[in-house]
Amino acid sequence: MNPPPSATAKRNGPALQATGLVVHLGGRFVLEVPSLAVERGEVLAIIGPNGSGKSTLLQALALLVPLTSGELYFEGESVHPGSDLVALRRRMAVVFQEPLLLNMSVRENVTMGLRLRGLSQSQVACRADFWLQRFGIASLAMRHARALSGGEAQRASLARAFALEPEVLFLDEPFAALDAPTRAELIESLVTVLRETGVTTVFVTHDRNEALALGHRVGVLMDGRLRQLDRPEVVFGAPVDLEVAAFVGMETVLPGRVLAQEESLALVQVSGSRVEVVSDLPPGREVLVCLRPEDVTLHAPHNGGPSSSARNRLRGRVSRLSPRGALVAVTVECGFPLVATVTRRSALDMALSLGQQVDVTFKASAAHLIPR
Amino acid sequence: MDLIVDGFRQAIALMLGLDRELLRVTWLSLQVSGSATFLSLLIGIPLGTFLALNRFPGRHLVISLVNTGMGLPPVVVGLFVTIMLWRNGPLGLLHLLYTPMAMVIAQCIIAAPIVTGLTLAAMQSLNPRLRLQLLALGASRWQMLWLLVREARLPLLAAVMAGFGGVISEIGASMMVGGNILGQTRVLTTATVMETSKGNFALAIALSIVLLLLVYAINLFLTHIQQQGRAP
Amino acid sequence: MRTVLSILSLVVILASLTAACSAPQPTAASRPPTAAPPRPANPELILATTTSTQDSGLLDVLLPLFQQRTGYQVKPIAVGSGQAMVMGERGEADVLLVHAPDAEKKFMADGHGTSRQLVMHNDFIIVGPTADPAVVKGAKTAGQALAKIAESRSLFLSRGDNSGTNQLELKLWKALGANPKGQPWYQETGQGMGATLNVASEKDGYTITDRATYLANKKYLTLGILVEGDKALLNVYHVIQVNPQKSVSINAAGARAFADFLVAPETQKIIGQFGADKLGSPLFFPDAGKEDEEVGG
């Protein structure tokens with residue numbers, strides 16, 4: 001069965017726009033975002049540490065929390081004190097971390113939003129059937145909400161939201177409370193459905209991988225301020241400052257100075273070594289060199305010709321081994337600490353142990369410079 | 001012990017024989033307490049919901065008053081209502097004293113804080129995020145309130161039963177404002193007290209049994225409704 | 001199904017609500033006969049009387065008769081004598097039927113009532129355990145009996161509720177010059193006559209009671225009649241019309257009609273026969289028209 005035609009027609013302008021958005025709650029500062037636009041059809045992932053104000057931002061955009069100051073535009077229409085908030089909210093849908101289902105059957109829950117909008121019986125039935133099926137819970141339709149597992153309940157919440165065919169969909173850490181396998185399944189389902197429907201989505205999470213998997217753009221919110229908003233590869237590969245770098249997983253951060261630069265390739269002095277990094281920064285600049293552990297490769301020490309295409313090769317000693325699930329994080333001291341991740345298999349194959357001598361390599365394009 | 005057996009026998013005889021006086025007294029008990037409970041629901045459920053969902057200065061004070069009201073001695077209520085309603089009192093021109101209406105008023109004053117307090121607790125026990133979710137689903141203010149009340153229906157029905165139970169068994173206020181007048185304001189409880197004071201213990205026991213059966217029947221009905229909504 | 005049930009219950013509740021709001025219907029017993037009943041201008045009449053009067057059941061016979069004849073709707077409020085008198089003072093009752101002569105005289109002297117008429121009397125008796133430790137039986141007067149009880153410090157139960165019975169009892173103690181209040185053998189129940197008799201029976205104590213209540217409860221009690229017939233033990237009932245100047249709402253016409261009814265010869269006859277068939281002897285003795293002194297009132 002094909003998905004019912006999406007409610008969004010082709011129009012110009014962003015689906016959501018906020019200018020000068022400021023939110024204070026209970027007298028405390030929570031959020032300040034001078035400018036934010038969510039493009040039609042895009043999935044915007046907002047990530048940040050706990051307490052950064054992500055949920056508040058989502059609730060403000062979903063018209064659930066009043067702004068202390070600032071302006072909101074929904075599909076070009078300004079939202080002001082006289083606006084019919086109920087009518088506007090009925091063009092959106094929100095899924096929270098908890099399924100927040102009501103004391104009734106799954107089907108009744110999924111049709112709740114539709115019934116609130118006064119849709120006809122047949123329309124309600126049609127959409128409910130489709131979306132229950134789509135999220136794989138058609139067989140649970142008559143079961144009572146309380147009798148569902150966490151994953152099943154969240155599927156119901158998702159079905160409930162999608163059945164509304166919203167113009168904007170908001171998801172507030174929808175998978176945070178689920179166990180890893182369920183989470184993986186649901187992300188799969190969600191990615192497919194989002195691709196099919198093309199609905200404008202704002203997705204809040206503290207999990208970087210989810211953001212990478214789902215988002216067309218990623219926004220990093222820290223202490224109530226939007227530090228960076230860009231495509232995922234830019235945010236993760238080129239974080240705008242140290243705090244963002246730390247949050248997005250750049251584990252190796254080294255102070256250095258640009259010695260020379262030619263054709264976008266910079267030579268940077270880091271402690272006693274020199275590394276090459278793709279950058280346009282001029283010589284003399286103080287910088288921070290950032291590296292993701294997955295971009296650092298370990299080799300058995302060997303002298304002689306290059307065995308990899310990486311421009312940077314350093315020798316050092318293993319100073320730390322931290323297991324991380326299926327991977328192992330290896331800290332190598334080569335005058336400064338570098339963190340690399342290897343699979344456990346590789347760790348075994350290389351017989352990694354503390355104090356062992358290893359070679360580390362990384363590409364000039366993998367490293368990232370942040371001016372200090 | 002033989003008194004209780006006597007009482008049982010008399011109760012059965014009265015009920016099977018559809019004793020006129022018994023029927024009248026029972027029906028009036030139901031009417032008065034039923035109306036009073038109904039009115040207290042009209043006041044208590046909205047008030048309790050309002051207190052649960054809204055913040056305003058002085059909220060704590062109001063909630064404390066409600067909780068105190070739950071323990072109001074009925075006889076005190078009866079006294080105050082009597083003073084209000086008697087001829088030379090502020091509301092004397094209503095001529096309500098010694099009528100069933102006065103009993104309804106007094107019982108309503110007794111039941112309303114109970115219903116309010118229990119509604120407040122019931123609504124506060126709901127997940128606070130639920131309100132947001134309902135708004136996000138596009139519920140208007142009234143739709144949201146209705147859904148929240150529906151969500152809390154188990155403890156709310158308990159509130160109804162508590163309110164009803166509190167007034168159907170009430171004597172002090174009913175006696176004072178009603179006067180226990182034969183054929184006009186005599187209810188099961190006041191009749192029981194009177195028969196006891198006269199020394200007609202068997203009859204008093206019989207009336208008590210009828211009262212208990214009545215209360216049980218009503219609660220059976222309400223419990224049935226309450227338990228219907230439970231998850232399997 | 002559930003919604004049907006809920007709606008049904010809502011309908012039932014609304015129906016009862018409207019029913020309770022309507023004016024009280026005249027009772028079956030008091031419904032006037034098919035001949036057109038008289039309709040006085042102000043049919044509501046509040047009669048303040050005592051619990052023992054109500055408990056005797058006399059009013060259950062007299063009131064319907066009165067209502068039938070005159071069309072007045074009587075609301076008998078049975079409280080303690082003390083409260084009845086205060087209701088009269090405050091103008092919250094139209095007519096009083098009480099048995100506390102001293103308090104009544106003061107009531108009239110203070111101008112609260114316009115008329116006080118003797119209606120009937122019943123008598124009090126002193127009852128106690130058949131073993132009679134204080135040797136009360138055979139005493140010629142109530143005073144003697146009480147004196148013996150006080151001397152032997154035997155258990156005595158008082159109603160202690162400012163009722164007519166209680167006031168008579170206190171009057172007797174006062175005449176002896178005794179003040180038993182607070183003594184361990186003198187206990188106050190604060191309750192009606194039936195309840196007090198019960199307590200006395202349970203605890204094997206002495207008490208003063210009206211004959212009617214005793215006879216009605218006899219089969220549950222282990223008490224016997226020890227002293228009776230003393231003039232001081234007569235319990236005299238008067239009907240008092242409250243002074244209409246107290247309040248506009250006082251139903252003076254109704255009060256007068258009721259008083260006239262009580263002293264009318266026909267009614268007096270009914271009073272004299274009341275209870276004879278059930279308890280063996282009549283409970284009340286009609287006295288309308290007699291002088292107070294004749295009956296020790």
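This text follows the structure it describes.
Residues numbered from 1 in each chain as written. Chains lettered and ligands numbered in written order. Predicted model: local features only at pLDDT ≥ 70, side-chain atom pairs only at ≥ 80, totals over all residues. Heavy atoms only, no water.

Peer 1: Tell me about the overall build of chain C, and please be specific about residues and values.
Peer 2: The secondary structure content of chain C amounts to 12 helices and 10 strands. Burial statistics for chain C: of 297 residues in total, 51% are counted as buried. Considering only intrachain contacts with a sequence separation of at least 6, the fraction spanning at least 24 residues in chain C is 74%. About 13,200 Å² of surface is accessible on chain C, with carbon and sulfur atoms providing 56% of the total. (Helix = DSSP H or I, 4+ residues; strand = E, 2+ residues; numbered from the N terminus. Buried < 20%, exposed > 50% of the residue type's maximum accessible area, 1.4 Å probe, protein only. Contact = heavy atoms within 4.5 Å. Areas by Shrake-Rupley, 256 points an atom, 1.4 Å probe, with all protein chains shown as cover.)

Peer 1: Now, about the packing of aromatic side chains: what can you tell me, with residues and values included?
Peer 2: Inspection of every chain in the model, using the stated rule, returns 17 aromatic pairs over all chains. With a centroid separation of 5.6 Å and an interplanar angle of 40 degrees, the aromatic rings of Phe135 of chain A and Phe162 of chain A are classed as tilted. Taken together, the residues Phe135 of chain A in the loop between α5 (121-134) and α6 (150-162) and Phe162 of chain A in helix α6 connect sequence positions 27 residues apart. Consider the rings of Trp185 of chain C and Tyr186 of chain C, whose centres lie 6.2 Å apart with planes at 80 degrees: the pair is edge-to-face. What links up through ring pairs into an aromatic cluster is the set Phe130, Trp131, Phe135 and Phe162 of chain A. (Phe/Tyr/Trp six-rings, centres within 6.5 Å; stacked < 30°, edge-to-face > 60°.)

Peer 1: How would you summarise the packing of helix α10 (residues 188-198) of chain B against helix α11 (residues 201-228) of chain B if you had to cite specific residues and measurements?
Peer 2: Residues and elements named next belong to chain B. The N-to-C vectors of α10 and α11 enclose an angle of 160 degrees; their axes lie 8 Å apart at closest approach. Relative to α11, the element α10 is oriented roughly antiparallel. Between α10 and α11 lies a crossing of left-handed hand. The residues of α11 that touch α10, namely those facing Leu188, Thr189, Ala191, Thr192, Glu195 and Thr196, are Phe201, Leu203, Ala204, Leu207, Ser208, Val210, Leu211 and Leu214. Of the residues that constitute the contact of α10 with α11, the class distribution is nine nonpolar, four polar and one charged. (Axes fitted to C-alpha atoms, helices over the stretch in contact; angles between N-to-C directions. Parallel < 35°, antiparallel > 145°, perpendicular 65-115°, else oblique. Left-handed = near helix turned anticlockwise from the far one by under 90°. Nonpolar A, V, L, I, M, F, W, Y, C, P; charged D, E, K, R; others polar.)

Peer 1: Quick one: what's the story with a nonpolar patch on the surface, residue by residue and with numbers?
Peer 2: Residues and elements named next belong to chain B. A cluster of nonpolar side chains, Leu72, Val75, Val76, Leu79, Phe80, Ile83 and Ile109, forms an exposed patch at the surface whose accessible area comes to about 550 Å². Broken down by element, the residue count for the nonpolar patch peaks at five residues, all from helix α4 (residues 74-85). Residue position: Ile109 is located in helix α5 (residues 100-124). (Patch = residues over 30% accessible without salt bridge, like charges linked within 9 Å, V, L, I, M, F, W, Y side chains within 5 Å. Salt bridge = Lys/Arg side-chain N within 4 Å of Asp/Glu carboxyl O.)

Peer 1: Hey, could you go over the nonpolar core for me, with residue numbers and the actual values?
Peer 2: Formed by 97 residues in total, the largest nonpolar core has its most connected members in Leu21, Leu57, Leu61, Leu158, Phe162, Phe170 and Leu190 of chain A. At six residues, α6 of chain A tops the list of elements feeding residues into this core. The residues touching Leu57 of chain A, leaving out its near neighbours within four places in the chain, are Leu21, Leu31, Val33, Leu36, Ile46 and Leu221 of chain A. Within the second largest apolar cluster, 36 residues are counted, among which are Ala36, Leu85 and Leu97 of chain B together with Ala48 of chain C. (Core = buried A, V, L, I, M, F, W, Y, C linked by side-chain atoms within 4.5 Å.)

Peer 1: How would you summarise the sheet that holds strand β17 (residues 327-333) of chain A if you had to cite specific residues and measurements?
Peer 2: Residues and elements named next belong to chain A. In space, the five strands of this open sheet follow the order β15-β19-β16-β17-β18, with antiparallel pairing throughout. Strand pairing shows two members of the sheet lacking a second neighbour, β15 (297-299) and β18 (337-343), which therefore form its edges. Strand-to-strand twist across the sheet, computed as the mean angle between neighbouring axes with direction ignored, equals 45 degrees. With six bridges joining them, strand β16 (residues 312-324) and strand β19 (residues 357-362) adopt antiparallel strand pairing. By the bridge assignment, Gly316 is partnered in β19 with Val358. (Pairing = 2+ DSSP bridges.)

Peer 1: Describe in detail the interface of chain B and chain A, supporting the description with residues and values.
Peer 2: One frequent convention defines the size of an interface as the accessible area lost when the parts assemble. Taken together, the contacts link 20 residues of chain B with 24 residues of chain A. A combined buried area of about 2,000 Å² lies between chain B and chain A, and 58% of that area is made up of carbon and sulfur atoms. The tally of links between chain B and chain A comes to zero salt bridges. There are eight residue pairs in polar contact (both at pLDDT 80 or more) connecting chain B and chain A. Elements with a minimum of two residues in the side of chain B that touches chain A: α6 (128-136) and α7 (141-151) of chain B. Per-element tally for the side of chain B that touches chain A: the top contributor is α6 of chain B, with seven residues. Split into classes, the residues belonging to the side of chain B that touches chain A amount to 10 nonpolar, six polar and four charged. (Buried area = accessible area lost by both parts, 1.4 Å probe. Polar contact = N/O pair within 3.5 Å; in protein donor to acceptor, adjacent residues only side chain to side chain.)

Peer 1: Could you give an account of helix α11 (residues 265-273) of chain C, naming the residues involved and the relevant values?
Peer 2: Residues and elements named next belong to chain C. When we look at burial in α11, the residues that qualify are Thr267, Gln268 and Ile271. Around the axis of α11, the buried residues are gathered within 100 degrees of arc, so they sit on the same side. Relative to its buried face, α11 has exposed residues pointing more than 90 degrees away, namely Pro265, Glu266, Lys269 and Gln273. The secondary structure elements touched by the buried residues of α11 are α3 (58-70), β4 (113-129), α10 (252-263) and β10 (285-286). Following α11 by one or two positions, Gly275 has its phi on the positive side, about 85 degrees. (Arc of directions from axis to C-beta.)

Peer 1: Please set out α10 of chain C residue by residue, giving values where relevant.
Peer 2: Residues and elements named next belong to chain C. With 12 residues, α10 should cover 16 Å at 1.5 Å per step; its first-to-last C-alpha distance of 17 Å lies within 8% of that length. By the burial criterion, the buried members of α10 are Gly254, Ala255, Phe258, Ala259, Phe261 and Leu262. Along α10, the residues classed as buried sweep out an arc of 160 degrees about the axis, all on the same side. Contacts from the buried residues of α10 go to β1 (44-50), α3, β3 (95-98), β4, β9 (234-242) and α11. (Expected span 1.5 Å × (residues − 1).)

Peer 1: So what's going on with the pattern of salt bridges? Which residues, and what values?
Peer 2: On inspection of all chains with the given rule, the structure shows 32 salt bridges over all chains. Of the charged contacts in the structure, one is a salt bridge between Asp129 of chain A and Arg107 of chain A, with a shortest N-O distance of 3.0 Å. Of this pair, Asp129 of chain A sits in helix α5 while Arg107 of chain A sits in helix α3 (residues 106-110); the two residues are 22 residues apart in sequence, bridging distant segments of the chain. Classification of Arg107 of chain A by relative accessible area gives partly exposed; the value is 24%. A salt bridge links Asp94 of chain C to Arg87 of chain B; the nearest nitrogen and oxygen atoms lie 2.9 Å apart. Separated into two different chains, Asp94 of chain C in the loop between α4 (81-89) and β3 and Arg87 of chain B in the loop between α4 and α5 make up a pair that spans both. Both residues of the pair, Asp94 of chain C and Arg87 of chain B, count as buried.

Peer 1: How would you explain the pairing of β9 of chain C if you had to name every residue and give the values?
Peer 2: Residue and element names in this part refer to chain C. With nine of nine residues buried, β9 is to be regarded as a mostly interior element. With burial as the criterion, each face of β9 is covered, one bearing Leu234, Val236, His238, Ile240 and Val242 and the other bearing Asn235, Tyr237, Val239 and Gln241. In terms of strand pairing, β3 meets β9 through four bridges, oriented antiparallel. Bridge pairing in β9 places Val98 opposite His238.

Peer 1: So, unusual backbone geometry: which residues are in play, and what are the values?
Peer 2: Residues and elements named next belong to chain B. The phi torsion at Leu18 lies on the positive side, around 50 degrees, for a residue other than glycine. Tracing the chain through its elements places Leu18 in the loop between α1 (2-16) and α2 (20-53). Residue class for Leu18 comes out exposed when judged on its relative accessible area of 56%. In this model, His95 sits at a positive phi of 50 degrees, which is unusual for a non-glycine residue. When you line up the elements, His95 lands in the loop between α4 and α5. Under the relative-accessibility criterion, His95 is labelled partly exposed at 47%.

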